[in-house]
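Chain by chain, the residues:
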Amino acid sequence: MPDEKTLSPIATLDETRQFMRRRLHGIVPESDIDAKAQTVQAINQLKREKNAVILGHNYMEPALYSTVTDHVGDSLQLSVIAARTDADIIVFCGVWFMGETAKILNPQKTVLVPSKEAGCSLAEGITADDIRTLKKRFPEAVVVSYVNTYADAKTESDYCCTSGNADKVLSTLIAAGHRRILFLPDRYLAANTAAKMGIPFLPSEAEASAFEAVPGDQPLVIGWHGTCEVHELFTPEQVDAIRSEHPETVILAHPECPPEVMAKVDISGSTKAMVDYIRDVEAPSYTLLTETAMSDNLAVEFPHRNILRLTNLRCKHMNYITLEDTLEGLQKLQYKVELAPEVIEKALLPIQRMIAIR
Ligand code: 13P
Ligand code: SF4
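So, here is what we can say about the structure in this document. All values derive from a computational prediction rather than experimental measurement.

### Brief notes about the overall build of the protein
Consideration 1: For the protein, the helix and strand inventory stands at 18 helices and 13 strands.
Consideration 2: The C-alpha atoms of the protein give a radius of gyration of 21 Å, which matches the 21 Å a tight globule of 358 residues would have.
Consideration 3: Dimensions of the protein, computed from the C-alpha atoms along their principal axes, are close to 70 × 55 × 30 Å.
Consideration 4: Sorting the 358 residues of the protein into buried and exposed places 56% on the buried side.
Consideration 5: Counted over contacts in the protein with a minimum sequence separation of 6, partners at least 24 positions apart contribute 63%.
Consideration 6: By element, 50% of the accessible surface of the protein is carried by carbon and sulfur atoms, the whole surface being about 15000 Å².
Consideration 7: Taken together, the 36 basic and 49 acidic charged side chains of the protein have centroids lying 4 Å from each other.

### A look at the nonpolar core
Consideration 1: Counting residues in hydrophobic clusters, the biggest one holds 106 residues, and the most contacted among them are Val 91, Phe 97, Phe 183, Val 265, Leu 289 and Leu 298.
Consideration 2: Residue contributions to this core peak at six residues, all from helix H5 (residues 96-105).
Consideration 3: In this structure, Leu 184, Ala 206, Val 214 and Trp 224 belong to the second largest nonpolar core, which totals 16 residues.

### Notes on the site of ligand 1
Consideration 1: Every residue near ligand 1 is listed here: His 57, Tyr 59, Asp 74, Ser 75, Asn 148, Ser 163, His 231, His 254, Glu 256, Ser 270 and Thr 271.
Consideration 2: With respect to ligand 1, the side chain of His 57 contributes an N or O atom lying 2.6 Å from an oxygen atom.
Consideration 3: Side-chain polar atom of His 254 to an oxygen atom of ligand 1: 2.8 Å apart, as the coordinates give it.
Consideration 4: With the chains in place, 96% of the 300 Å² that ligand 1 exposes on its own is no longer accessible.
Consideration 5: Of the residues belonging to the shell around ligand 1, the class tally is one nonpolar, eight polar and two charged.

Reading the values: the criteria
- Each chain has its residues counted from 1, following the order in which its sequence is written.
- Whichever chain is written first becomes A and whichever ligand is written first becomes 1, with later ones labelled in order.
- Two thresholds apply to this predicted model, a pLDDT of at least 70 for residue-level local features and 80 or more for giving and counting side-chain atom pairs, whereas whole-chain, interface and lining totals are computed over all residues.
- No hydrogens and no water enter the side-chain calculation; it runs on all heavy atoms of the structure.
- Comment: elements are numbered from the N terminus, with helices defined as DSSP H or I runs of at least four residues and strands as E runs of at least two.
- Each radius of gyration is computed over the set of C-alpha atoms, and the globule rule expresses the reference value as 2.2 Å times the number of residues to the power 0.38.
- Exposure classes here rest on a 1.4 Å probe applied to the protein chains alone. A residue is buried below 20% of its type maximum, exposed above 50%, and partly exposed in between.
- The contact criterion used throughout is that any non-hydrogen atoms of two residues lie within 4.5 Å.
- Calculation of accessible area relied on Shrake-Rupley with a 1.4 Å probe; when residues are assessed, cover is drawn exclusively from the protein chains displayed.
- His is not counted here, nor are the chain ends, while Lys and Arg score as positive and Asp and Glu score as negative.
- For the purpose of locating charges, the reference atoms are NZ of Lys, CZ of Arg, CG of Asp and CD of Glu.
- For the purposes of this section, nonpolar cores are sets of buried Ala, Val, Leu, Ile, Met, Phe, Trp, Tyr and Cys residues that join through side-chain atoms within 4.5 Å.
- When at least one non-hydrogen atom of a residue lies within 4 Å of a molecule or strand, that residue is treated as near it.
- Pairing of N or O atoms within 3.5 Å defines a polar contact, subject to two protein rules: one partner must be a possible hydrogen donor and the other a possible acceptor, and residues neighboring in sequence count only if both atoms are side-chain atoms.
- Put simply, Ala, Val, Leu, Ile, Met, Phe, Trp, Tyr, Cys and Pro go in the nonpolar bin, Asp, Glu, Lys and Arg in the charged bin, and everything else, Gly too, in the polar bin.

Structure (structure tokens):
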């Protein structure tokens, strides 16, 4: 019999439906669940037959997140799991750069992302050529790329990081004596992390005089002009409006939000940090400034917590991943992440360094 939180891979259609009804009660209407149960059962059966593992990012919609995934988490957690899995096939229910990271860690395995459309504005915002140009301009700088980059950009990077370990990566580099750190491509993550650590930040397009004003023996974080098309839309006015309506609520925001938003919220953190906070810290209510599905998933996970759920900001890329596409992906073994061996070889080291700093 399925337990409270895990659906047995050999569950019958009726058991699948009952599990989904219990788990998603109050979040997804029963009529919707009944329409999805067959797809969920078929995915779980195929997964077993093909020795596949399904990794689900915290932004997956609740009917997928809570039913067919073997592991869920933020980018860092899922990278660690991808590095350790002994499954033959990794199905990454997340966006394309996440599938690439899993492939770089497992070049011999089949890695699938169920939709080719699942991109990311940050990953699309910088290329290997851009980084080569920056390195010419700042030859003394060490290059840290957010994991939200494509593999070609990673080949030009010294370290990768996620929002879950950006501060630890910066501390490690400063302790090792680096004083100029190119932190790419998310301007807001770079500025927010630098501010949290008390390190000056300059965008790469700043005037030469601004760079000259920072003594060479002092750390400086240099950013790029990438942004997340979802998180950049949160505003300080929105935070004020939530606070005046719900003065008791704890507001948690992803550090891809603009600095003027971060200045007004209570907690900044990766999606895993948000999960941990809501699990561990009791509050009258919680409001998350991040992709909307995440709040739905936390409402499923922590039914005793009062999570105010915003509805206006969704990541279209994450939302391309559906149960139906996941089933088709397993049936047809699509869409395979393929990378040139030399790209895999060069992109591996910065990813391994990222995983080592936690
Ligand atoms: P996390 O690593 O915090 O899960 O963030 C990934 C992401 O794409 C945020 O928009
Ligand atoms: Fe990329 Fe933003 Fe979507 Fe995350 S929410 S995948 S950073 S576009």
